[in-house]
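Letter by letter, the chains look like this.
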There are 2 protein chains.
Amino acid sequence: MEIEAIDFFYLAMPEILDIGDGSQDALLVRVRAGGYEGWGECEASPLVSIASLVCPMSHSACKPVQASVLGQKLTTPQDIQRIGDLVRANSLDLLQADHTLSGIDIAMWDLLGKRYQVPVYQLLGYKQAFPKTPYASVLFGNTPQETWEKARRIRSLGYRAAKFGWGPFGKNLQDDCDHIAAAREGLGTDGILLIDAGTIWKDNVAQAAERIPTLQEHRVTWMEEPFVSGALEAYRQLAALAEPVKLAGGEGSHNYYMAKQMIDYAGIGFIQIDAGRIGGISPAKQVATYAQGKGVLYVNHTFTSHLALSASLQPYAGLEDAVLCEYPIEAKPLAVEMTKEHLLPDENGQIHLPEAPGLGVTPNLEALSKYLVEVEIRVQGKLLYSTPPLG
Amino acid sequence: MEIEAIDFFYLAMPEILDIGDGSQDALLVRVRAGGYEGWGECEASPLVSIASLVCPMSHSACKPVQASVLGQKLTTPQDIQRIGDLVRANSLDLLQADHTLSGIDIAMWDLLGKRYQVPVYQLLGYKQAFPKTPYASVLFGNTPQETWEKARRIRSLGYRAAKFGWGPFGKNLQDDCDHIAAAREGLGTDGILLIDAGTIWKDNVAQAAERIPTLQEHRVTWMEEPFVSGALEAYRQLAALAEPVKLAGGEGSHNYYMAKQMIDYAGIGFIQIDAGRIGGISPAKQVATYAQGKGVLYVNHTFTSHLALSASLQPYAGLEDAVLCEYPIEAKPLAVEMTKEHLLPDENGQIHLPEAPGLGVTPNLEALSKYLVEVEIRVQGKLLYSTPPLG
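Residues numbered from 1 in each chain as written. Chains lettered and ligands numbered in written order. Predicted model: local features only at pLDDT ≥ 70, side-chain atom pairs only at ≥ 80, totals over all residues. Heavy atoms only, no water.

Taken together, a rotation about one axis and a shift along it account for how the two chain copies relate. If you rotate chain B by 180° and push it 0.0 Å along the axis, it lands on chain A with an RMSD of 0.0 Å. Interpreted geometrically, this transformation is the action of a two-fold axis. Both copies present the same face, since 100% of the interface residues in chain B are matched by interface residues at the equivalent positions in chain A. (Least-squares fit on C-alpha atoms with pLDDT ≥ 70 in both. Contact = heavy atoms within 4.5 Å.)

Before going further, it helps to spend a moment on the domain arrangement of chain A. All names here are of chain A. Looking at the assigned domains, one finds that chain A contains domain 1 (3-122 + 364-386) and domain 2 (123-337). The distance between the C-alpha centroids of domain 1 and domain 2 comes to 26 Å. With 42 residues of domain 1 at the contact, the number on the domain 2 side is 35 residues. In terms of surface lost to domain 2, no three residues of domain 1 exceed S23, E43 and Y121, which account for 22% of the buried area on that side. (Domains from an automatic or database assignment. Buried area = accessible area lost by both parts, 1.4 Å probe.)

Here the focus is the interface of chain B and chain A. Every contact between the two is made by 58 residues of chain B and, on the other side, 59 residues of chain A. Summing the contributions of chain B and of chain A, the shared interface buries around 4800 Å²; its carbon and sulfur component is 58%. Considering only the surface of chain B that becomes buried against chain A, L95, Y257 and Y265 of chain B emerge as the three largest contributors, covering 13% of it. At the surface where chain B touches chain A, the tally comes to six salt bridges. (Salt bridge = Lys/Arg side-chain N within 4 Å of Asp/Glu carboxyl O.)

Right, let's get into the sheet that holds strand β1 (residues 3-12) of chain A. All names here are of chain A. Within the open sheet, the three strands sit side by side as β1-β2-β3. Their pairing is antiparallel. Edge positions in the open sheet fall to β1 and β3 (36-42), since each of these has one partner strand only. Strand after strand, the sheet turns through a mean of 20° between neighbouring axes, direction not considered. Inspection of the sheet shows strand β2 (residues 25-33) paired to β3 by seven bridges, in the antiparallel sense. (Pairing = 2+ DSSP bridges. Helix = DSSP H or I, 4+ residues; strand = E, 2+ residues; numbered from the N terminus. Axes fitted to C-alpha atoms, helices over the stretch in contact; angles between N-to-C directions.)

Note that P14 of chain B resides in the loop between β1 (3-12) and β2 (25-33). For the pair P14 of chain B and Y371 of chain B, spaced 357 residues apart in sequence, the C-alpha to C-alpha distance is 7.4 Å.

Counted under the stated rule, the structure contains 23 aromatic pairs over all chains. Seen in terms of ring centroids, F227 of chain A and Y235 of chain A are 5.5 Å apart; in terms of plane orientation they differ by 90°. Their pairing is edge-to-face. On the basis of relative accessibility, which here comes to 0%, the residue Y235 of chain A falls in the buried class. Arranged with centres 3.7 Å apart and planes meeting at 5°, the rings of Y265 of chain A and Y265 of chain B form a pair that is stacked. Pair noted here: Y265 of chain A is in helix α10 (residues 256-265) and Y265 of chain B is in helix α10 (residues 256-265), and the two residues belong to different chains. Across the pair, Y265 of chain B and Y265 of chain A agree in class, each one buried. (Phe/Tyr/Trp six-rings, centres within 6.5 Å; stacked < 30°, edge-to-face > 60°. Buried < 20%, exposed > 50% of the residue type's maximum accessible area, 1.4 Å probe, protein only.)

For the rest of this paragraph, the subject is the side chain of D79 of chain B. Residues and elements named next belong to chain B. Within the secondary structure, D79 is located in helix α2 (residues 77-90). A polar contact is formed between the side chain of D79 and the side chain of R82, at a distance of 3.2 Å. Leaving out residues up to four positions away in the same chain, D79 has contacts with K73 and L74. (Polar contact = N/O pair within 3.5 Å; in protein donor to acceptor, adjacent residues only side chain to side chain.)

What follows concerns the environment of T147 of chain A. All names here are of chain A. Positionally, T147 belongs in helix α5 (residues 144-156). For T147, a relative accessible area of 0% corresponds to the buried category. Along the sequence, T147 and Q272 sit 125 residues apart, while their C-alpha atoms lie 23 Å from each other. Those residues in contact with T147, other than ones at most four positions away along the chain, are F140, G141, F164, H179, A182 and A183.

Moving on, we come to unusual backbone geometry. The omega torsion of the bond from E243 of chain A to P244 of chain A falls at 5°, within 30 degrees of zero and hence cis. Note on placement: P244 of chain A falls in the loop between α9 (232-242) and β8 (246-249). Of note, the phi angle at R219 of chain A is positive, near 50°, even though the residue is not glycine. Within the secondary structure layout, R219 of chain A lies in the loop between α8 (212-217) and β7 (220-224). Taking relative accessible area as the criterion, R219 of chain A reaches 45% and is therefore assigned partly exposed. With phi around 40°, E225 of chain B is a residue other than glycine that occupies positive phi space.

A separate point is the side chain of S91 of chain A. Positionally, S91 of chain A belongs in the loop between α2 (77-90) and α3 (97-116). Contact partners of S91 of chain A, with chain neighbours within four places excluded, come to A61, C62, K63, P64, V65, L86 and A97 of chain A.

Another point: the packing of α9 of chain A against α10 of chain A. Residues and elements named next belong to chain A. Where α9 contacts α10, the two axes come as close as 9 Å, and the packing angle between them is 35°. α10 is crossed by α9, and the crossing has right-handed handedness. Taking contact as the criterion, the partners of L232, Y235 and R236 in α9 are, on α10, Q261, M262 and Y265. Its residues assigned to classes, the contact of α9 with α10 comprises four nonpolar, one polar and one charged. (Left-handed = near helix turned anticlockwise from the far one by under 90°. Nonpolar A, V, L, I, M, F, W, Y, C, P; charged D, E, K, R; others polar.)

As structure tokens, this is what we get:
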């Protein structure tokens, strides 16, 4: 069977707030082949990824993403790898392409899972999907008091782990220490506490290092993204200072190599991969395998829908040691209504991947229609893209 | 003075061929502030970079590029750095942003050069611009005979150095050896011969290594991009095998850190930076300074116009040891007609940066009007972009 259609749907909340909440819009992807359809999601600027799907060719290594996907044979997982390699070669100089490919790759895995009636993790070679311990992923409160209240609420909802990030964090040392202390107090002494600095110190080791005593005192398991993804040497220096607190990072990786470099050179304890950014489930699985061999724990990065959550859990479903998973609990209605099914904690607070074919999570098209954003792109008068009907 | 306008102009040849020639289209950038204007160029998919300039915000770290530029104070080089940092933070999750920023950063340097009536290299802190030895940069011929003829022609034009790349190279060992031998024969024994593999072996060290004896026999100065930019370990392994042939790479770097990593971990002898991709002249200068400290030679990457050429030479103008410069000699009419001024070799075959203010190269708007591509982008019925008048 061959790929007959790729459809991109830009969805957005009526109002987008200037906060670090990535669940306010979404780019939903549908791939059709041989009577089957698969769904995926790009963690990307929707308009920009739409443009990269349909843009005119600039030269042989700067082609629109669809040029390497439409009409391709899609019968086996090897075809997905081959199509991904084609996109990476033919769109080598199109920077946005990795984010755009991500949703397409995810949709192709979903499609093949439905074709063969197996969950994606089995197509990836895993015999079983181990349960994961979700950490409730939230923004810091505006004040330490708000952070404390958020932590209390998370604990009362039954979560054993929580991550606080972005918001006011990183600008003032005393404020940061107060927020960390408040989070620990609210979560209780036995909770797993994670802190996300949101790249706030860019590559400044000294600024980040000032927080280490407080992180150690409050037994923070990891500090995430003190620096931008590429600042490997800054990560390595801070990692040596921070023990036993580990560093986490990698969500900015938009290909396998960037994640490999963090594992090889940055001294991190946790590698965080968003399947919606790194080029899809295929390179994410490659990272999971590499990380395991290097003693670095793989964790998903997901702050949006349960379609994205299922996609981001598949690559390390079979790794029993990698027990934590990011679990968004403050997602906007768009992200919640995105899917008919949800991956809810069981009675022990654990998250399980669906055993249904593909991703086991399907978009709720009727609910989504109210979020659909109409886009039109014309070049030399020719309509290259207009939002397709959702359904 | 404040930035009042950013205008993007998509220019293209009437027909785009499926070959590795990046001069077939262009994204010209104009920035206006305080009665001055500066010009730059993105080495990027024009439509995708236009979309990233104007797209709706997704969240606080995924904003359109223009949100961090319009209205900003622009009076000193420090303002350019500050604006670049703003774009990188506010568009952290917008992958295309680095390519888009590149043309804006270049235009800001050009503007400040005009404001202060000095060439950009002086604003960068260099006292003088040393002449560079241009290497004629061309695609391989379709046959070794064609490659030989291209090499002969380059030599007859007075170039002492030539680079052959892309085309049929990398697929068959014997063909590659024949092309390399033909290039050396055509260029003469004393010519500087460079080979560009165009990332053809992705990260396969063994395939690349098969070419080493031929590269050594024909005294090739560097082999460029045997692998994709991120494959640092593959580079390092090949570099150890290839001596005295050096490896060159880095054109894919879209920020300072990616180039730093190649210098730190890939064992390259030459770092090649395209100011139109890495985020502009600012991060390119940062790489040039870092490379010099590490004993790695900086070279520009330029395959398009002389506006792009001037921009890509400024960052290492003052480094006397870094003598080579890429010089496109097969550019399409669009790229040639792009500028009123051209950086032509002097009687000794050397290239000099203009001493005129800014980049010293100005776009020929009348000649370009026939290449202007009309673009319209609408979101929810609202016109976010339409091609502005050129002039």
